[in-house]
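Structure at a glance
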Amino acid sequence: MSKKIASARISEKSSQLLQDLNNSLPFDKVLYGEDIQGSRAHAYMLCEQGIISKEDYEKIEFGLLEILEEVESGVFVLDGDDEDIHMAIEGRLTQKVGDAGKRLHTARSRNDQVALDFRLYVQKNTKVIAHLLLENIAIFVSVAETHANTMLPGMTHLQHAQPINFGYHMLAYASMFKRDYERFMSSYVRNNYSPIGCAALAGTPHPISRQITSDKLGFTAPTLNCLDTVSDRDFALEILFNISTMMMHISRLSEELILWSASEFKWVTLSDRHATGSSIMPQKKNPDIPELLRGKTGRVNGNLIGLLTVMKGLPLAYNKDMQEDKEGVFDSVRTAILSLQVLNEMIVEMSVNADKMEAACMIGHLSATDLADYLVKEAGLPFRDAYHITGNVVNLAEEKGLDISELSLVDLQSVDERIGEGVVALLDNRASMNARQSEGGTATVRTLEQVESLKGWLSSQM
Ligand code: ARG
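Computed from a prediction, not measured in an experiment: that's the story for all the values here.

1. Structural notes on the site of the ligand
The ligand sits among Ser24, Asp28, Asp84, His86, Arg110, Asn111, Val114, Tyr318, Gln323 and Lys326. Within the side chain of lysine 326, an N or O atom sits 2.5 Å from an oxygen atom of the ligand. For the ligand, whose free accessible area comes to 340 Å², the fraction covered by protein is 87%. Counting residues per element, the shell around the ligand draws most heavily on helix H7 (residues 110-146), at three residues. Partitioned by chemical class, the residues of the shell around the ligand number two nonpolar, four polar and four charged.

Given below as structure tokens:
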């Protein structure tokens, strides 16, 4: 017999189609742990406040713990025709402990119950993702330390620009992931307020203590206003936005890894464990993992826009539209966790082809800016004049089929005799890289300073 949608007023059996549309159990069953955790805290508070008896509380507590075990061992399968996880667990509890189970919903509504369960889920996964980000940052920092002297062409517009080192490039990503981590953690703090006890929308006449449930569940405090609390999904939007931003960073890295593993570059080689073959071209090794990470960014962005659109224009307080809040969040969380795990493994096992990167530095006159800087600093020329002279030197190098760093002093002075003897050494790519010693610059010493700074920060977070 199909269960009646929770109502004392509706007598007719629900249409199957209504149930298919209405029931959230098929997806909100993942919240069973949070639902039981919330109900245990609520029952404890009801007992503390004298709203239910100690005997009833003990039965509820015992029953809920049993249900938890039953779900986890597969004895109680959450595939019935209950409307949602809240009804399924309350129904099971009542089956087990009788009238005590029916007292659990005192001073509570599914509106504050779902707000609590979902918030507990978001808070828990915020920590899981943040922790994976820390592992990720540590890996990037260690790769950076190893490659603080491995040169590659830094680019703008995807054109060779100036020599940098691979460690410095990795630290750019570590910096993005550090911001991501901080974004997750600040959302955690901002959203760590307890919704339970708000009831349907207006609070309750029962003498509850929202402080007790808040403390028991590890929240900072109860939320301020019940009407807001049962209609608020900002915490869910925040985790979606935080995941989107993080995945946007991962997709930029993925794009670079895809380029760098192409034959034209061969700057990195992904391990065979992280590449796939082609079904027809036996010679192929495809970078499917970074491609998928790049692709999954699209789906998490869709989840963010989806929930923003669901919430837009909803009148206060709870509306059933809000049941559409969960699947996108579950999907983004799953995607984020898997992506970070794969990324960690892939970076650890990737090999860096330092010789290929360094050879690429001989293309594109990467140290040209150093000549212009020299003419400004040593010959006192205005930058724009120095820029033009350097342009002529680059033209000469092109005519000779050489990189600017390969020109002799005679060559250089044939363009402008103010170019002095020290310039040849200055135009060496490594010298050029190491000349960039300004704060946050690419010089190996500065890169290693950034490594140290991130290591210090990491150990302060552990
Ligand atoms: N399954 C519902 C959801 O996920 C729970 C809240 C239902 N509240 C209600 N008043 N119908 O949003």
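The discussion continues.
2. A closer look at the environment of tyrosine 193
Locating tyrosine 193 in the fold gives a position in strand S3 (residues 193-194). Here tyrosine 193 falls in the partly exposed class, since its relative accessible area comes to 29%. For tyrosine 193 and glycine 218, which are 25 residues apart along the polypeptide, the C-alpha to C-alpha distance reads 9.0 Å. Residue contacts for tyrosine 193: discarding those within four places in its chain leaves Arg119, Phe219, Thr220, Ala221, Pro222 and Thr223.

3. Topic: the pairing of strand S2 (residues 159-165)
Bridge count between strand S1 (residues 151-156) and S2: six bridges; the pairing is antiparallel. Residue methionine 151 lies in a different strand from S2, and its bridge partner there is asparagine 165. Where S1 hands over to S2, the hairpin turn is made up of two residues, of which histidine 157 adopts a positive phi near 55 degrees.

4. Let's talk about the packing of aromatic side chains
By the definition in use, this model includes eleven aromatic pairs. Ring centres of tryptophan 260 and tryptophan 267 lie 6.1 Å apart, and the angle between their planes is 35 degrees; on these two criteria the pair is classed as tilted. Three or more aromatic residues link up through ring pairs in this structure, and these residues are Phe118, Tyr121, Phe235 and Phe330. Over the aromatic face of tyrosine 44 sits the side chain of lysine 216, whose NZ or CZ is 4.1 Å from the ring centroid. If you follow arginine 384 out to its NZ or CZ, it ends over the ring of tyrosine 387, 4.7 Å from the centre.

5. Overview of helix H8 (residues 166-191)
Over its 26 residues, H8 extends 38 Å from the first C-alpha to the last, a length consistent with the 38 Å expected when each residue adds 1.5 Å. Sitting at the head of H8, asparagine 165 places a side-chain oxygen 3.0 Å from the backbone nitrogen of glycine 167.

6. Digging into the nonpolar core
Judged by nonpolar contacts, the single largest core of 91 residues is most densely connected at Ile129, Phe166, Met170, Ile243, Met246, Val329 and Ile347. Apart from the residues within four sequence positions on either side, isoleucine 243 is in contact with Ile129, Phe184, Val300, Ser332, Val333 and Ala336. Residues Ala368, Ala386, Leu412 and Val423 belong to the second largest nonpolar core, which totals 17 residues.

7. Here's the deal with the pattern of salt bridges
Pairing between side chains becomes possible if they bear opposite charge and their charged atoms approach one another. All chains considered together, the criterion is met by 31 salt bridges. Between lysine 96 and glutamate 66 there is a salt bridge, and its shortest N-O distance comes to 2.6 Å. Here lysine 96 is found in helix H5 (residues 85-97), whereas its partner glutamate 66 is found in helix H4 (residues 54-73), with 30 residues between them in sequence. The class for lysine 96 is partly exposed, based on a relative accessible area of 30%. Between lysine 455 and glutamate 452 there is a salt bridge; the shortest N-O distance is 3.9 Å. Of this pair, lysine 455 and glutamate 452 both sit in helix H20 (residues 444-461), separated by three residues, roughly a single helical turn. In this structure glutamate 452 comes out as partly exposed when scored by relative accessible area, which is 45%.

8. Some words on the packing of helix H15 (residues 368-377) against helix H16 (residues 383-400)
Put simply, H15 and H16 touch, their axes get as near as 8 Å, and they point 135 degrees apart. In terms of orientation, H15 and H16 fall into the oblique class. Here H15 and H16 pass one another in a crossing that is right-handed. Along its contact with H15, which presents Ala368, Leu371, Ala372, Asp373, Leu375 and Val376, the element H16 presents Phe383, Ala386, Tyr387, Ile389, Thr390, Val393 and Val394. Here the contact of H15 with H16 is composed, by residue class, of eleven nonpolar, one polar and one charged.

The rules behind these values
Residues numbered from 1 in each chain as written. Predicted model: local features only at pLDDT ≥ 70, side-chain atom pairs only at ≥ 80, totals over all residues. Heavy atoms only, no water. Near = heavy atom within 4 Å. Polar contact = N/O pair within 3.5 Å; in protein donor to acceptor, adjacent residues only side chain to side chain. Areas by Shrake-Rupley, 256 points an atom, 1.4 Å probe, with all protein chains shown as cover. Helix = DSSP H or I, 4+ residues; strand = E, 2+ residues; numbered from the N terminus. Nonpolar A, V, L, I, M, F, W, Y, C, P; charged D, E, K, R; others polar. Buried < 20%, exposed > 50% of the residue type's maximum accessible area, 1.4 Å probe, protein only. Contact = heavy atoms within 4.5 Å. Pairing = 2+ DSSP bridges. Phe/Tyr/Trp six-rings, centres within 6.5 Å; stacked < 30°, edge-to-face > 60°. Lys NZ or Arg CZ within 6 Å of the ring centre and 35° of its normal. Expected span 1.5 Å × (residues − 1). Core = buried A, V, L, I, M, F, W, Y, C linked by side-chain atoms within 4.5 Å. Salt bridge = Lys/Arg side-chain N within 4 Å of Asp/Glu carboxyl O. Axes fitted to C-alpha atoms, helices over the stretch in contact; angles between N-to-C directions. Parallel < 35°, antiparallel > 145°, perpendicular 65-115°, else oblique. Left-handed = near helix turned anticlockwise from the far one by under 90°.

Keep in mind that these numbers describe shape and distance, not what the molecule does.
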